[in-house]
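# Close look at the chain arrangement
Given next are the chains, with one letter for each unit.
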Amino acid sequence: MALGLYYMHSVGKSPIPCFKEVLRQCPLSLEAIRHLCSLGVKSSEISNLVLNQLTSSRQDLQWLPIWLKAEHDMYPRDRSSPTFDALLQLNRKLANNGYAMAKLADGYFLHGRYSESLATFKKLVAVDPHFIRSMDVYAFLLWKHRKAEALDRLACGLLESSEDHPETWIALGFHALCSQQGRSQQAHAFAEKSCKLSPMGANYFGLLLQGFAALKAKGRDQAIEKFSEAVKLKPYIYEAHQGVYEAYAESKQTRQATMHLMQVVKAENGMGTTSRSLTLLARSVLETPMSQHLAKAKTWLEKAIKLDSQNMEAVRLLAELLARESNKQEAIKLIEENLKRFNDASLRQVLAQLLRPVGEEEIRNSVERVRLELDDRHVTDESFTALLASSANEVEMDSTDQ
């Protein structure tokens, strides 16, 4: 097990054979099973490996196939759509079980379903206020959604329960970062404390917290370094990749950001071609001044939506790209179709921008052109007023037609 963990945190040999050997020696090592699932090993292969070692007690393992499928479905898969059926089934069988609820919340988080993850964590904390596992994920989500009061309650509750778990210090760190002062130095110190309490001296959310703290303090190079360390630790989790992109983007290093994301999409033991990675890659292209890759960005966004029809960011970016290509009606149709299924604020905002009449600046420019034209023709103020009213009516009619 230790050798497998070492290989996971270093570049070189694959840790998969090590964890498989652990299962041959100890078939019910849930930690080894979890690591194999996170590394992309098929659940059927893991199930066969476990059951072959437990021929005498299969009748007591009816829970195992469901648990294996749930564990496997937690992690984003290359070119696969997210599914939560097994995780939900596990929660129905183990009603109000903290471990099962945490698995479901983690699964939602890993696939970018932040609202569902937050709701599940809220139920979990209500069922078991002293549950610590995965509270680092919950703390990150509360910080991401600026829920300062809930984050304060979580951090205080974890501190009362234990000072010896990394999750406690990560929650305190995100709480410091969430304050109005944005105490980035204190957040960084709490993150370091969490890493010292973790195996191998590092943990994913501790590094993520250090990255965001550095980004808030305008330490972009340090942010890139910490986010990159988090990527090496758990390359299948999206948030650190997004952090690398945002740090590069703030430094105006758009080419490096796109190159990093291209490597993410091509990686075999990482995120690969998932809906979220394709969306972020397309976003990086759309936000650069170069326009020669717009056709590729459109293809990536269409593929991202096909992989996950609930990826509203991909829908929004595709609509904006269509409008950019003067396909305004197609963009409006795309947004309206998705708003019928999902009540998404960002889509409503884009739709309002597409449907609104000519902007105030454009109207002022138009009025000025009319005034100059009338001045050249020496027309009266009454004629100008009449022509201005006519122009306003045309703008109103155009907006009605849209």
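Residues numbered from 1 in each chain as written. Predicted model: local features only at pLDDT ≥ 70, side-chain atom pairs only at ≥ 80, totals over all residues. Heavy atoms only, no water.

When helices and strands are counted, the chain shows 23 helices and 0 strands. A total of 402 residues make up the chain; the buried ones form 48% of that total. Of the contacts made within the chain by residues no fewer than 6 positions apart, 54% connect residues no fewer than 24 positions apart. Total accessible area computed for the chain in this model is approximately 21200 Å², and 50% of it derives from carbon and sulfur atoms. (Helix = DSSP H or I, 4+ residues; strand = E, 2+ residues; numbered from the N terminus. Buried < 20%, exposed > 50% of the residue type's maximum accessible area, 1.4 Å probe, protein only. Contact = heavy atoms within 4.5 Å. Areas by Shrake-Rupley, 256 points an atom, 1.4 Å probe, with all protein chains shown as cover.)

Next up on the list: the packing of helix α9 (residues 135-144) against helix α13 (residues 204-216). Axis separation between α9 and α13 bottoms out at 10 Å; the angle between their running directions is 25°. Classified by the angle between their axes, α9 and α13 sit roughly parallel to one another. With respect to the hand of their crossing, α9 and α13 are arranged in left-handed fashion. On α13, the residues that touch Asp136, Val137, Phe140 and Trp143 of α9 are Phe205, Leu208 and Phe212. Its residues assigned to classes, the contact of α9 with α13 shows 6 nonpolar, no polar and 1 charged. (Axes fitted to C-alpha atoms, helices over the stretch in contact; angles between N-to-C directions. Parallel < 35°, antiparallel > 145°, perpendicular 65-115°, else oblique. Left-handed = near helix turned anticlockwise from the far one by under 90°. Nonpolar A, V, L, I, M, F, W, Y, C, P; charged D, E, K, R; others polar.)

So, on to the packing of aromatic side chains. Taken as a whole, this structure holds 16 aromatic pairs when the rule is applied. Ring geometry for Tyr75 versus Tyr236: centroids 5.1 Å apart, planes at 90°, classification edge-to-face. Separated by 161 residues along the polypeptide, Tyr75 in the loop between α5 (63-73) and α6 (85-93) and Tyr236 in the loop between α14 (220-233) and α15 (238-250) bring together distant segments of the chain. Taken as a pair, Tyr75 and Tyr236 share a single burial class, namely buried. (Phe/Tyr/Trp six-rings, centres within 6.5 Å; stacked < 30°, edge-to-face > 60°.)

So, about the side chain of Ser198. Tracing the backbone through its elements, the reader meets Ser198 in the loop between α12 (184-196) and α13. A distance of 2.8 Å separates a polar atom in the side chain of Ser198 from the backbone oxygen of Ser194. In this structure Ser198 touches Pro166 and Asn203, once residues within four positions along its chain are discounted. (Polar contact = N/O pair within 3.5 Å; in protein donor to acceptor, adjacent residues only side chain to side chain.)

To continue, consider the packing of α9 against helix α10 (residues 148-161). Relative to each other, α9 and α10 sit at 155°, their axes nearing to 9 Å. In terms of orientation, α9 lies roughly antiparallel with respect to α10. As for how α9 packs across α10, the hand of that crossing is left-handed. Packed against α9, whose contacting residues are Met135, Tyr138, Ala139, Leu142 and Trp143, the element α10 presents Ala150, Leu151, Leu154 and Leu158 at the interface. Of the residues that constitute the contact of α9 with α10, the class distribution is 9 nonpolar, no polar and no charged.

Taken together, the side chains of Lys144, Arg146, Lys216 and Lys218 define a basic patch exposed on the protein surface. With respect to the helices, strands and loops of the structure, Arg146 is situated in the loop between α9 and α10. Looking at Arg146, the relative accessible area reads 55%, which means it is exposed. (Patch = residues over 30% accessible without salt bridge, like charges linked within 9 Å, V, L, I, M, F, W, Y side chains within 5 Å. Salt bridge = Lys/Arg side-chain N within 4 Å of Asp/Glu carboxyl O. Lys, Arg positive; Asp, Glu negative; His and termini not counted. Charge placed at Lys NZ, Arg CZ, Asp CG, Glu CD.)

Another point: helix α8 (residues 114-127). Here α8 spans 20 Å end to end across 14 residues, near enough to the 20 Å set by a 1.5 Å rise per residue. Regarding α8, the residues found buried are Tyr114, Ser117, Leu118, Thr120, Phe121 and Leu124. Along the axis of α8, the buried positions cluster into a sector of 165°, meaning they face one direction only. The exposed set on the far side of α8, more than 90 degrees from its buried face, consists of Ser115, Lys122, Lys123 and Ala126. At its buried positions, α8 is contacted by α7 (98-110), α9, α15 and α17 (275-286). (Expected span 1.5 Å × (residues − 1). Arc of directions from axis to C-beta.)

Once that is clear, we can look at the confidence of the model for the chain. Here the chain averages 81 in pLDDT, while 81% of its residues score no lower than 70. Mean pLDDT per element in the chain: helix α23 (residues 381-401) is the minimum at 42, and α9 is the maximum at 97. Counting contacts from residues 376-402, a segment whose pLDDT is below 50, to residues more than four positions away or on other chains yields 15 contacts. (pLDDT = per-residue confidence, 0-100.)

Before going further, it helps to examine the side chain of His72. Structurally, His72 is set in helix α5. Look at His72 and you get buried, because its relative accessible area is 14%.

A few words on α14. If you check α14, its first and last C-alpha atoms are 20 Å apart, about what 14 residues at 1.5 Å a residue would give, namely 20 Å. Burial in α14 covers these residues: Ala223, Ile224, Lys226, Phe227, Ala230, Val231 and Leu233. Contact partners of the buried residues in α14: α13 and α15.

Nonpolar side chains tend toward joint burial in soluble globular proteins. Ranked by size, the top nonpolar core spans 120 residues in total, and within it Ile46, Phe109 and Phe140 carry the most contacts. Per element, the largest residue contribution to this core is 9 residues, and it comes from α13. Phe109 has contacts with Tyr114, Ser117, Val137, Phe140, Leu141, Phe205, Ile237, Glu239 and Arg276, leaving out every residue within four places of it along the chain. (Core = buried A, V, L, I, M, F, W, Y, C linked by side-chain atoms within 4.5 Å.)

A word on the pattern of salt bridges. Using the criterion set out here, one finds 13 salt bridges in the structure. Residue Arg276 is joined to Glu239 by a salt bridge in which the shortest nitrogen-to-oxygen separation is 3.1 Å. Placement of the pair is Arg276 in helix α17 and Glu239 in helix α15, with a sequence separation of 37 residues. Judged by its relative accessible area of 1%, Glu239 falls in the buried class. For Glu313, the salt bridge is made with Arg316, and the minimal N-O distance between the two is 4.0 Å. Placement of both Glu313 and Arg316 in helix α19 (residues 312-324) is noted, with a separation of 3 residues, approximately one turn of the helix. Glu313 sits in the partly exposed class, given a relative accessible area of 25%.

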